[in-house]
Amino acid sequence: MSTGTAVQRTPSLAKRPPPSFRLRNSSLNTLRLRRIFDSFDENGDEEISVDELRRAFGRLGLETDRSELKEVVCSIMGVEANGSPLCSLDFDGFVALHRSIGEGFFGSGGDSEGDCETDESDLSEAFKVFDEDGDGVISAPELQSVLGKLGLGDGYEIEGVRQMIKSVDRNHDGHVDFQEFKIMMRNVVAKSN
């Protein structure tokens, strides 16, 4: 475990989170963040403790050092009126954490010529998250697994997941390949702008 970084991804995502971290439509982003916040808030108290956050990161395969994570959370939340540090995230703090992660990895944004290559690389990294067995396609069980890890899988029976895949499966092979994934993700971004 590294002491210089609070969050590490194994194997190759340590340097960049997938593009799902930066939806370009703020209302969709807020809704998505709220759903993630609620799934991380295990006890439903409208706050994510350092331990809840650490367990959630663990479910996603992110290794975290508790003391460094606590330091990050406390720095975002500030102090109470009596001077003690606030070391659990409310929703606004969670949004601030998300924003700081996004800015740290992606910069302040802007559409430059290099964004196209960056987007392709981001899409490739995101695809790898879903393609758990590395066979070059996303199967229904893989999609169901990732949705579950994100706390979004409770309502998705395998038939519902197969329907999601069918809606983007242009070659009708029952899987989502990288080209289909790129088209789907670019359509989501285009529709949200």
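Residues numbered from 1 in each chain as written. Predicted model: local features only at pLDDT ≥ 70, side-chain atom pairs only at ≥ 80, totals over all residues. Heavy atoms only, no water.

Draft legend 1. Structural context of unusual backbone geometry. In this structure, Glu46 takes a positive phi of about 70 degrees despite not being glycine. Looking at where Glu46 falls in the secondary structure, it is placed in the loop between α1 (26–40) and β2 (48–49). You will see that His172, though not glycine, has its phi angle at about 55 degrees, which is positive. Considering the arrangement of structural elements, one finds His172 in the loop between α7 (158–166) and β6 (176–177). Taking relative accessible area as the criterion, His172 reaches 69% and is therefore assigned exposed. (Helix = DSSP H or I, 4+ residues; strand = E, 2+ residues; numbered from the N terminus. Buried < 20%, exposed > 50% of the residue type's maximum accessible area, 1.4 Å probe, protein only.)

Draft legend 2. Examining the environment of Ala56 more closely. Here Ala56 is to be found in helix α2 (residues 50–59). Measuring from C-alpha to C-alpha, the distance between Ala56 and Lys149 comes to 8.5 Å, with 93 residues separating the pair along the chain.

Draft legend 3. Representation of the side chain of Asp41. Along the chain, Asp41 falls in the loop between α1 and β2. Polar side-chain contacts of Asp41 include one of 3.3 Å to the backbone nitrogen of Asp45. Leaving out residues up to four positions away in the same chain, Asp41 has contacts with Glu46, Glu47, Ile48 and Glu52. (Polar contact = N/O pair within 3.5 Å; in protein donor to acceptor, adjacent residues only side chain to side chain. Contact = heavy atoms within 4.5 Å.)

Draft legend 4. Layout of the packing of aromatic side chains. One pass over the structure, following the stated rule, counts seven aromatic pairs. Between the aromatic rings of Phe40 and Phe94, the centroid separation amounts to 5.8 Å while the plane-to-plane angle is 80 degrees, which identifies the pairing as edge-to-face. With Phe40 in helix α1 and Phe94 in helix α4 (residues 91–106), this residue pair connects regions lying 54 residues apart in the sequence. By the burial criterion, Phe40 is buried, and Phe94 matches it. An aromatic cluster of at least three residues, connected via ring pairs, comprises Phe37, Phe40, Phe57, Phe91 and Phe94. Directly above the ring of Phe91 sits Arg34, whose terminal nitrogen or CZ lies 4.9 Å from the centroid. (Phe/Tyr/Trp six-rings, centres within 6.5 Å; stacked < 30°, edge-to-face > 60°. Lys NZ or Arg CZ within 6 Å of the ring centre and 35° of its normal.)

The values reported here are purely geometric and, on their own, carry no functional implication.
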